[in-house]
Each structure stands twice: as C-alpha cells, then as structure tokens.
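Residues per chain, in single letters:
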Amino acid sequence: MKADIGMIGMGVMGSNLARNMVSKGFTVSCYDWNETLRKNFAAKYKEGFVHAVSLKEFVESIERPRKIMMMIKAGVPVDSVINELLPLLDPGDVLIDGGNSEWEDTERRIALCEKNGLLFVGSGVSGGEEGALNSPALMPGGSKGAWELIRPVFEAIAARTPEGDVCVDWIGAGGAGHFVKMVHNGIEYGDMQMICETYQVMRGGLGMSNIAMSEVFGRWNKGKLDSYLIEITRDILAFETEDGEQTVDMILDTAGQKGTGKWRLMAVLDAGEPLPLIGEAVFARGLSALKDDREKASKLLADPKLGIDVDHLESRFGAAGATLARRVHHPFDPAANHQRGLSARSGYFKPTARSARCRNGERGAGALAQCGDLHDACGHCLTGDELGPVVL
C-alpha cells in the first residue's frame, strides 16, 4: 500500500508532524538525507510509516497525485530539494514548504513549479515541536487547486478551538500563507520584547527576585494576559537546577533570529507604515547578539539608574504619585496595601469611606463605580488629568 503523503526532513518538526499524521490514520512516507536521523526514526517508529532510503524510492512510495511536505531550513536548501524533485514528479503533484520561508521566495517557487505542471504550497506552521506533534495552527497558501488535495490531512492534524473550530484555512494565492506566518512571528517578536522589558524593570528597577517575578507572571496568566509566552516566562523564572541554582541567571543574554521579524519590518517600511514595537524588538535582538561589544562598553559607560525613587515621585506628583510608587514597590504586602486603601487581592486601588472625586467631578464611593478610574485612599483620581502622566 502506498503512502497518503510524504515528509522530507526528519528533524524535530518534520518527525513530529509525520507522527501527528499517522496518529490521525494517514500513512506517511519519510525521507532525510541525514542517514543517522533517517535510521534512528525508522528504528523507533514503524507502524503507519514508509521509510525510504533514496529520494527516488521516496517519491515512488506515495500515492498520486503526490503530496510532499518539506520541513527543512529556509533558503537555499528548499531550492535544492525542489530541483532534485522536479525530474521525479508528475503533473498535478503538490509540494508543500512548511518552513519559515520568505513569502517572496514562495511566489518565485510557485511560478517554477507551475511551469513544470506542479502545484506549490507555502504553509506557516505554528505551535513549535509540541504543536507539530499534537495540534499545530496551519496557514497554507499558493497554487489554486492545491487546497482540496491537502485539506483532509491539514484539517485532521490541526488544532481546534474550544468551540471546535479547526485552526487551519486556505489563506490565499501566491505567498499569502508565508506572509501571514511572517506577520504572526513579528507579533510574537513584539510580545517577547515587552516581556523582556517588563522583566528588566522588575529586576533592575524594583529589585524583585526571580521567584517574586514568577508569581506576578503567574497571576497575569490567570487573567487577560493568559498566553503561552506568559506561562513559560512564569515557569522559567521559577525553574531551579538540582543544586538549587536559578536557571534564568545562567542563560546567556544573547538572542538569535531566523529572519521573519526582520522581513515583517521590511514589509511595513516598504509600505511606509510605522511599526515601532516590532522594529525595536528586531533591533534589541541584534544588539543582544553583540555580546563582546556590550561587554567592552560596560567598562566605559556607567549602568543606567533603574531604581524607582518614591520621594521624587511624591515631590513631583504629591501623595498620589507616592502611593502609586509604593504600590508597585510592595506588590506582596497586604497589610501596607490595606493601610493605603488598596485591594491586595485584585492589585487595584479601591475607594475608602473618605469622600472620593472622579474625573467627571462627582464625589462619593458610588461615583467611583460609575467613573471606573483608579483612586487612592484620599480620593485622588490616579488616571485623570489632575495627576498627569507618571513616568517611572
């Protein structure tokens, strides 16, 4: 019996996607030029798989019209594999690039494949190695007519929302699939940059310990900020080695990037649109990679003063500024918070029995509920014009 689909590239993502497909009842033919990877996977997983030892054997093992997915490094490797496959394929076969390829490269490959009678799909794959194995979000786009051929497999392996909606759909023609994945990754760059800057303020400005920061991220993950990135930040900050050392302090402070964030930034620059968050995220990654330069600069330049000065805020903004700063400084002090009229449970300022004044001029605790602004124990509106912007 021939395979329903083929997978080229038996690294973590390719092998996990293949296992996902088999778990949904499909037969998958597998191939990798790396003999060690190929043999190790073949020895471990047998039922539902066809393990080819050559590219020709791999192609011949797949039911026509063939559906072949490539999970390999973006760039030149994708072009090399396509060129090797072209003489072995038949008109109507579908090639799928599931890597983080640049969307303009995908459009060029679509033109090449269609010229040779083939269909080409560029698909974003989101969810990492765990998602690939269990439930990825998929973003396919490319040659017209390819979707109906790959749809049964893609819908079977994709994630589901709590309402049961499948996390895959045909994005559109050309490089649309990889363009959407590029946007998706760019947003993630921005999210990660905000988390990093929040960590820096907590650590350098507030002097919080890793465990205290982990507790804050844990609370955030129970509310509107509930997300995978907040969750793993919570876990990483609390993780310790067997010797009791906190792992986050041993991680090298340099970051790499595969290019999707940079491409996202280039796309908006070409369109003349502002995108400062993702721009700063890309720049920060580039700066972090300059480890040697940063170490040399640290010997010549003084560290910035990150501490939050409560007295300065009080002199500039009065009691309300000092109250806000102390609330930030003591997020885990219920007694102190209670004395200042703060809710230790919610972390918000709560009205006291004293007369309170909201920005619309009304007074009393009843007015506070209607106003919705945050007030200190003395009734000052902390989000209205009377306080002004508090810059920490």
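Everything quoted here is computed from the prediction, not taken from an experiment. (Residues numbered from 1 in each chain as written. Predicted model: local features only at pLDDT ≥ 70, side-chain atom pairs only at ≥ 80, totals over all residues. Heavy atoms only, no water.)

(A) Region of the structure containing the overall build of the chain. A tally of regular secondary structure across the chain gives 17 helices and seven strands. Within the chain, the proportion of its 392 residues that are buried is 41%. Long-range contacts, defined as pairs at least 24 residues apart, comprise 58% of the intrachain contacts of the chain with a sequence gap of at least 6. (Helix = DSSP H or I, 4+ residues; strand = E, 2+ residues; numbered from the N terminus. Buried < 20%, exposed > 50% of the residue type's maximum accessible area, 1.4 Å probe, protein only. Contact = heavy atoms within 4.5 Å.)

(B) Up close: the confidence of the model for the chain. Across the chain, pLDDT averages 82, with 77% of residues at or above 70. The model gives residues 331-392 a pLDDT under 50, and that stretch makes 98 contacts with residues more than four places away or in other chains. (pLDDT = per-residue confidence, 0-100.)

(C) Structural detail: the side chain of N210. Secondary-structure assignment places N210 in helix α9 (residues 210-220). Judged by relative accessible area, which is 4%, N210 ranks as buried. Within the structure, N210 has its side chain in polar contact with the side chain of Q246 (distance 2.9 Å). Setting aside anything within four residues of it in sequence, one finds N210 in contact with Y199, R203, L237, Q246, V248 and D249. (Polar contact = N/O pair within 3.5 Å; in protein donor to acceptor, adjacent residues only side chain to side chain.)

(D) Looking closely at the sheet that holds strand β6 (residues 119-126). Strand order in the open sheet formed by seven strands is β3-β2-β1-β4-β5-β6-β7, and the pairing between neighbours is mixed. Two strands bound the open sheet, and with one partner strand each, they are β3 (49-51) and β7 (137-142). Each strand of the sheet is rotated relative to its neighbour by a mean of 25°, with strand direction disregarded. Direction of pairing for strand β1 (residues 5-8) relative to strand β4 (residues 67-70): parallel, over a ladder of three bridges. If you follow M7 over to β4, its bridge partner there is M69. (Pairing = 2+ DSSP bridges. Axes fitted to C-alpha atoms, helices over the stretch in contact; angles between N-to-C directions.)

(E) Inspection of the pattern of salt bridges at higher detail. Here the structure, examined in full by the defined rule, presents 17 salt bridges. In this structure, the salt-bridge partner of R203 is D249, at a minimum N-O distance of 3.1 Å. Of this pair, R203 sits in helix α8 (residues 176-205) while D249 sits in the loop between α10 (228-238) and α11 (260-271); the two residues are 46 residues apart in sequence, bridging distant segments of the chain. A relative accessible area of 42% places R203 in the partly exposed class. In this structure D249 comes out as partly exposed when scored by relative accessible area, which is 42%. Notably, a salt bridge pairs D253 with R294, separated by 3.1 Å at the nearest N-O pair. (Salt bridge = Lys/Arg side-chain N within 4 Å of Asp/Glu carboxyl O.)

(F) Spatial organisation of the environment of V12. Positionally, V12 belongs in helix α1 (residues 12-23). In this structure the C-alpha to C-alpha distance between V12 and L133, which are 121 residues apart in sequence, comes to 9.3 Å.

(G) Main features of the packing of aromatic side chains. In this structure the tally under the stated criterion is eight aromatic pairs. Geometrically, the ring pair formed by Y31 and F58 is tilted, given 6.2 Å between the ring centres and 35° between the ring planes. Taken as a pair, Y31 in strand β2 (residues 28-31) and F58 in helix α3 (residues 55-60) lie far apart in primary sequence, 27 residues in all. Taken as a pair, Y31 and F58 share a single burial class, namely buried. Taking 5.4 Å as the distance between ring centres and 80° as the angle between the ring planes, the aromatic pair formed by W103 and F179 counts as edge-to-face. In this pair, W103 sits in helix α5 (residues 103-115) while F179 sits in helix α8, placing the two residues 76 residues apart along the sequence. Relative accessible area serves as the criterion here: at 29%, F179 is assigned to the partly exposed category. Cluster of aromatic residues (ring-pair linked, three or more members): Y31, W33 and F58. One Lys or Arg, R285, reaches over the ring of Y189 and ends 3.8 Å from the middle of that ring. (Phe/Tyr/Trp six-rings, centres within 6.5 Å; stacked < 30°, edge-to-face > 60°. Lys NZ or Arg CZ within 6 Å of the ring centre and 35° of its normal.)

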